[in-house]
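So the chains spell out like this:
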Amino acid sequence: MVIDRDDSVGVGALVRPYAVTRGRTRPRLDIAMEALVETTARGRSGGFLAGQEQQTIAGMCGVGLQSMAEIAARMQMPLGVARVLVADMAADGLLAVHEPAGISDGDDVVGTELLERVLSGLRRL
């Protein structure tokens with residue numbers, strides 16, 4: 001495969017997600033795409049934020065609740081990469097993740113209302 005160096009999606013765009021997550025593809029916590037995320041007081045202090053991506057996420061979620069999907073879209077990164085970053089930050093107490101009420105933890109049963117909300121949100125994008 002030949003990559004055109006003048007292309008807007010160059011080598012940096014292909015390598016960057018791997019570098020941002022330190023090679024990990026699975027998040028520490030399972031976070032739903034529609035889960036709402038907010039910055040905690042510890043995250044707002046900024047002293048614990050390691051990289052630019054963490055600072056951007058903390059800033060975004062400090063203004064108001066953001067869904068996991070919104071974070072990925074606004075950061076222009078794959079959802080899986082955003083999940084790894086958000087899960088790491090949540091595990092460090094920098095973010096609080098609020099899972100939607102319609103998801104059952106044990107049965108993987110998702111209500112029709114939740115699916116309609118997700119579909120509505122996707123249509124608004």
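The present account deals with the structure reproduced in this document. (Residues numbered from 1 in each chain as written. Predicted model: local features only at pLDDT ≥ 70, side-chain atom pairs only at ≥ 80, totals over all residues. Heavy atoms only, no water.)

As for the nonpolar core
Note the following rule: Here, the term nonpolar core denotes a set of buried Ala, Val, Leu, Ile, Met, Phe, Trp, Tyr and Cys residues that are joined through side-chain atoms within 4.5 Å. Exposure is judged per residue with a 1.4 Å probe applied to protein chains only, and the accessible area is read against the type maximum: over 50% gives exposed, under 20% gives buried, and values in between give partly exposed. Counting from the N terminus, the helices are the DSSP runs of H or I reaching at least four residues and the strands are the DSSP runs of E reaching at least two. Residue contacts are counted whenever heavy atoms from the two residues lie within 4.5 Å of one another.
Ranked by size, the top nonpolar core spans 21 residues in total, and within it Ile 57, Ile 71, Val 86 and Leu 95 carry the most contacts. Mapped onto this core, the elements with two or more residues apiece are helix 3 (52-63), helix 4 (68-75) and helix 5 (79-91). Among the elements that take part in this core, helix 5 stands out by supplying six residues, more than any other. Among residues more than four places away in sequence, those in contact with Leu 95 are Val 37, Glu 38, Thr 39, Thr 40, Ile 57, Cys 61, Val 86, Met 89 and Ala 90.

Thoughts on helix 4
Under the convention used in this document: The arc in question is traced by the directions running from the helix axis to the C-beta atoms.
Burial in helix 4 covers these residues: Met 68, Ile 71, Ala 72 and Met 75. Looking straight down helix 4, one finds that the buried residues subtend no more than 95° of arc, so they occupy a single side. Structurally, helix 4 contributes buried residues whose contacts are with strand 1 (36-39), helix 3, strand 2 (66-67) and helix 5. Of the residues flanking the end of helix 4, it is Gln 76, one or two places downstream, whose phi is positive at about 55°.

Description of the pairing of strand 1
Definition in use: Pairs of strands are assigned from DSSP output, requiring at least two bridges between the strands.
Alternating positions in strand 1 separate cleanly, Val 37 and Thr 39 being buried on one face and Leu 36 and Glu 38 remaining unburied on the opposite face. Here strand 1 runs beside strand 2; their pairing, made up of two bridges, is antiparallel. Its bridge partner lying in strand 2, Leu 36 is registered against Ser 67. With four bridges connecting them, strand 1 and strand 3 (residues 95-98) associate as antiparallel partners. When the bridges of strand 3 are listed, Thr 39 appears paired with Leu 95.

Concerning the sheet that holds strand 3
Judged by pairing direction, the sheet is antiparallel, and its three strands sit side by side in the order 2-1-3 without closing on themselves. The two strands at the open ends of the sheet, each matched to only one other strand, are strand 2 and strand 3.

What about the layout of surface pockets?
Rules: In the cavity and pocket records, a cavity denotes points on a 1 Å grid over the protein atoms alone where a 1.4 Å probe fits but cannot get out, a pocket denotes an open set with protein on both sides within 12 Å along at least 5 of 7 lines, and lining residues are residues with an atom within 4 Å of a point. Grid points are joined across faces, edges and corners, and a volume is the space filled by probe spheres set on the points. The nonpolar class holds Ala, Val, Leu, Ile, Met, Phe, Trp, Tyr, Cys and Pro. Asp, Glu, Lys and Arg form the charged class, and all remaining residues, Gly among them, are polar.
A volume near 440 Å³ is recorded for the largest pocket. Put simply, the parts of the chain that give the lining of the largest pocket at least two residues each are helix 4 and helix 6 (112-124). Sorting elements by how many residues they give to the lining of the largest pocket places helix 6 first, with six residues. Residue composition of the lining of the largest pocket, by class: nine nonpolar, three polar and six charged.

As for helix 5
Worth spelling out the cut-off: In a helix, the anticipated span is given by 1.5 Å times the number of residues less one.
Taking 1.5 Å as the rise per residue, helix 5 with 13 residues should run 18 Å; its terminal C-alpha atoms sit 18 Å apart, in good agreement. Among all positions of helix 5, only Val 81, Ala 82, Val 84, Leu 85, Val 86, Ala 87, Asp 88, Met 89 and Ala 90 are buried. At the C-terminal side of helix 5, Gly 93 shows a positive phi close to 80°.

Focus on the packing of helix 4 against helix 5
For any two helices packed against each other, one specifies the crossing angle of their axes together with the interaxial distance. For the record, the criterion: Interaxial angles span 0 to 180 degrees and are taken between N-to-C directions of axes, which are lines fitted to C-alpha atoms, for helices over the stretch in contact. The cut-offs work like this: below 35 degrees is roughly parallel, past 145 is roughly antiparallel, 65 to 115 is roughly perpendicular, and the gaps in between are oblique. Helix crossings get a hand from a simple test, with the near helix turned counterclockwise from the far one by less than a right angle marking a left-handed crossing and a clockwise turn marking a right-handed one.
Contact pair helix 4 / helix 5: the axes reach a minimum separation of 9 Å and the direction vectors enclose 110°. As summarised for this structure, helix 4 and helix 5 are arranged roughly perpendicular, according to the angle between their axes. The way helix 4 lies across helix 5 gives a crossing that is right-handed. Across from Met 68, Ala 69, Ile 71 and Ala 72 in helix 4, the residues of helix 5 making contact are Leu 79, Ala 82, Arg 83 and Val 86. Considering only residue class, the contact of helix 4 with helix 5 consists of seven nonpolar, no polar and one charged.

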